[in-house]
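These are the residues of each chain, in order.
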Amino acid sequence: DSLRDFSVSSGMGYKENVLYSEVVPKNSAFSFVELEGMARGDLLGMGAEWAVMGVGDLKHYSDIPSISDETFALGLAEFTKMVGLFSEATVEARYLYINQAFDTTFDILDERTVTLRGEEPELNFEWRSFVWEFQYAFKIARSRMYFADPHNDYETDSLEFELNYEIDDSTFIVLVLEGKT
């Protein structure tokens, strides 16, 4: 059993204060293209599921030729497998890309623009299970944000533990412990 859904759209519009300026706001007409897609399915005989999802957005501002196109892209892939009767393991990979210009002008006579361009791959592992009437989850993740200037790059490691106890159909007690570096 699988599901697939994809869409593409394009158009034109007008945006005020494109560069989010407090001193020299600039307005512009723009054209855009957006892509979205997702697919998921079962791996027969393995007790496993997979899913992929992607979103992309590209905007071109015609009245401000000095800036590059604004771009956003996000991709996600996930694989989940049942382990025994009460547990499941999930591996997830995510990728983020962003390219956007901002105004950094402090003096109207000295206009300045900076372009933020970055990409971030991330890898996650999650284990979910039941013990008696408790559901617990353990998640570990690692990501690295890359910028045009490598001195601005950074890594993030995170660890999360979640414990759920269901009192009745509409009442839960949840404890979450999370740490990041």
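Since the structure is predicted, the reported quantities are computational estimates derived from the model, not experimental observations.

A. Spotlight on the overall build of the protein chain. On a plain count of helices and strands, the protein chain comes out with 0 helices and 9 strands. Start at the N end of the protein chain and walk to the C end: the helices and strands fall as β-β-β-β-β-β-β-β-β. Relative to its length of 181 residues, the protein chain is extended, with a C-alpha radius of gyration of 22 Å against a globular reference of 16 Å. For the protein chain, the spread of C-alpha atoms along the principal axes amounts to about 70 × 35 × 35 Å. Counting across all 181 residues of the protein chain, residues that qualify as buried make up 25%.

B. Structural view of the sheet that holds strand β6 (residues 113-131). With antiparallel pairing, 9 strands are arranged side by side in an open sheet as β1-β2-β3-β4-β5-β6-β7-β8-β9. Strand pairing shows two members of the sheet lacking a second neighbour, β1 (2-15) and β9 (171-180), which therefore form its edges. Across the sheet, the axes of successive neighbouring strands diverge by a mean angle of 10°, strand direction being ignored. The pairing of β6 with strand β7 (residues 134-147) spans 12 bridges and is antiparallel. The partner of Phe 125 across the bridge, within β7, is Ile 140.

C. Geometry of the side chain of Ser 21. Examined against the element boundaries, Ser 21 turns out to sit in the loop between β1 and β2 (28-43). Judged by its relative accessible area of 7%, Ser 21 falls in the buried class. Within the structure, Ser 21 has its side chain in polar contact with the side chain of Asp 103 (distance 2.9 Å).

D. Inspection of the side chain of Glu 126 at higher detail. One can find Glu 126 in strand β6. By relative accessible area, Glu 126 is classed as buried at 18%. Side-chain polar atoms of Glu 126 contact the side chain of Arg 128, separated by 3.1 Å.

E. Broad picture of the pattern of salt bridges. The final tally for this structure, using the stated rule, is 9 salt bridges. Residue Asp 157 pairs with Arg 142 through a salt bridge whose shortest N-O separation is 3.1 Å. Remark: Arg 142 occurs in strand β7 and Asp 157 occurs in strand β8 (residues 154-168); sequence separation between them is 15 residues. Assessed through its relative accessible area of 28%, Asp 157 is described here as partly exposed. Glu 155 is paired through a salt bridge with Arg 144; the nearest N and O atoms lie 3.0 Å apart.

F. Structural context of a nonpolar patch on the surface. Together, Met 46, Phe 79, Val 91, Leu 123, Phe 125, Phe 138, Ile 140, Leu 159, Phe 161, Leu 175 and Leu 177 line one region of the surface with nonpolar side chains, adding up to about 930 Å² of accessible area. For the nonpolar patch, the secondary structure elements donating two or more residues are β6, β7, β8 and β9. Following the sequence through the fold, Ile 140 ends up in strand β7. Since its relative accessible area comes to 41%, Ile 140 is described here as partly exposed.

G. Local environment of the environment of Gly 11. By the element assignment, Gly 11 lies in strand β1. C-alpha separation for the pair Gly 11 and Val 33, spaced 22 residues apart in sequence, amounts to 6.9 Å. Ignoring anything within four residues of it in the chain, the contact list for Gly 11 reads Phe 30, Ser 31 and Phe 32.

H. Structural context of the packing of aromatic side chains. Taken as a whole and judged by the stated rule, the model has 6 aromatic pairs. The structure contains a cluster of three or more aromatic residues connected by ring pairs, namely Phe 30, Phe 32 and Tyr 61. The ring of Phe 30 carries Lys 59 above its face, with NZ or CZ at 5.3 Å from the centroid.

I. Layout of unusual backbone geometry. The phi dihedral of Asn 17 falls on the positive side, at around 50°, and the residue is not glycine. Relative to the helices and strands, Asn 17 resides in the loop between β1 and β2. The phi dihedral of Tyr 20 is positive, around 55°, even though this residue is not glycine. Its place among the elements puts Tyr 20 in the loop between β1 and β2. The partly exposed category is assigned to Tyr 20, whose relative accessible area is 45%.

What counts and how
Position numbers for residues count from 1 along each chain, tracking the sequence in the order it is written. Where totals are concerned, whole chains, interfaces and linings use all residues; where local detail is concerned, this predicted model gives features only for residues with pLDDT of at least 70, and gives and counts side-chain atom pairs only at 80 or more. Where side-chain values are given, they derive from all heavy atoms of the structure, hydrogens and water being excluded. What counts as a helix is a DSSP run of H or I of at least four residues, what counts as a strand is a run of E of at least two, and both are numbered from the N terminus. Atoms considered for the radius of gyration are the C-alpha atoms alone. The globule rule reads 2.2 Å times the number of residues to the power 0.38. A 1.4 Å probe rolled over the protein chains alone gives each residue an accessible area, and that area as a share of the maximum for its type sets the label: buried under 20%, exposed over 50%, partly exposed in between. When DSSP locates at least two bridges between a pair of strands, those strands are taken to pair. Only C-alpha atoms enter the line fits that serve as axes; for helices the fit covers just the stretch in contact. Angles between N-to-C directions range over 0 to 180 degrees. Here a polar contact means two N or O atoms within 3.5 Å. Within protein one must be a hydrogen donor candidate and the other an acceptor candidate, and residues neighboring in sequence count only if both atoms are side-chain atoms. Note on definitions: salt bridges are taken to be side-chain nitrogens of Lys or Arg within 4 Å of carboxyl oxygens of Asp or Glu. Patches here: salt-bridge-free residues with over 30% relative accessible area, like charges joined within 9 Å, nonpolar side chains (Val, Leu, Ile, Met, Phe, Trp, Tyr) joined within 5 Å. To be clear on the numbers: accessible area is Shrake-Rupley with a 1.4 Å probe, and residue cover counts the displayed protein chains and nothing else. Here, two residues are considered to be in contact whenever any of their heavy atoms come within 4.5 Å of each other. Two aromatic rings from Phe, Tyr or Trp, using only the six-membered ring of Trp, form a pair when their centres are within 6.5 Å; if the ring planes differ by under 30 degrees the pair is stacked, by over 60 it is edge-to-face, and anything between is tilted. Counted as over-ring charges are cases with an Arg CZ or a Lys NZ within 6 Å of the ring centre that also lie within 35 degrees of the ring normal.

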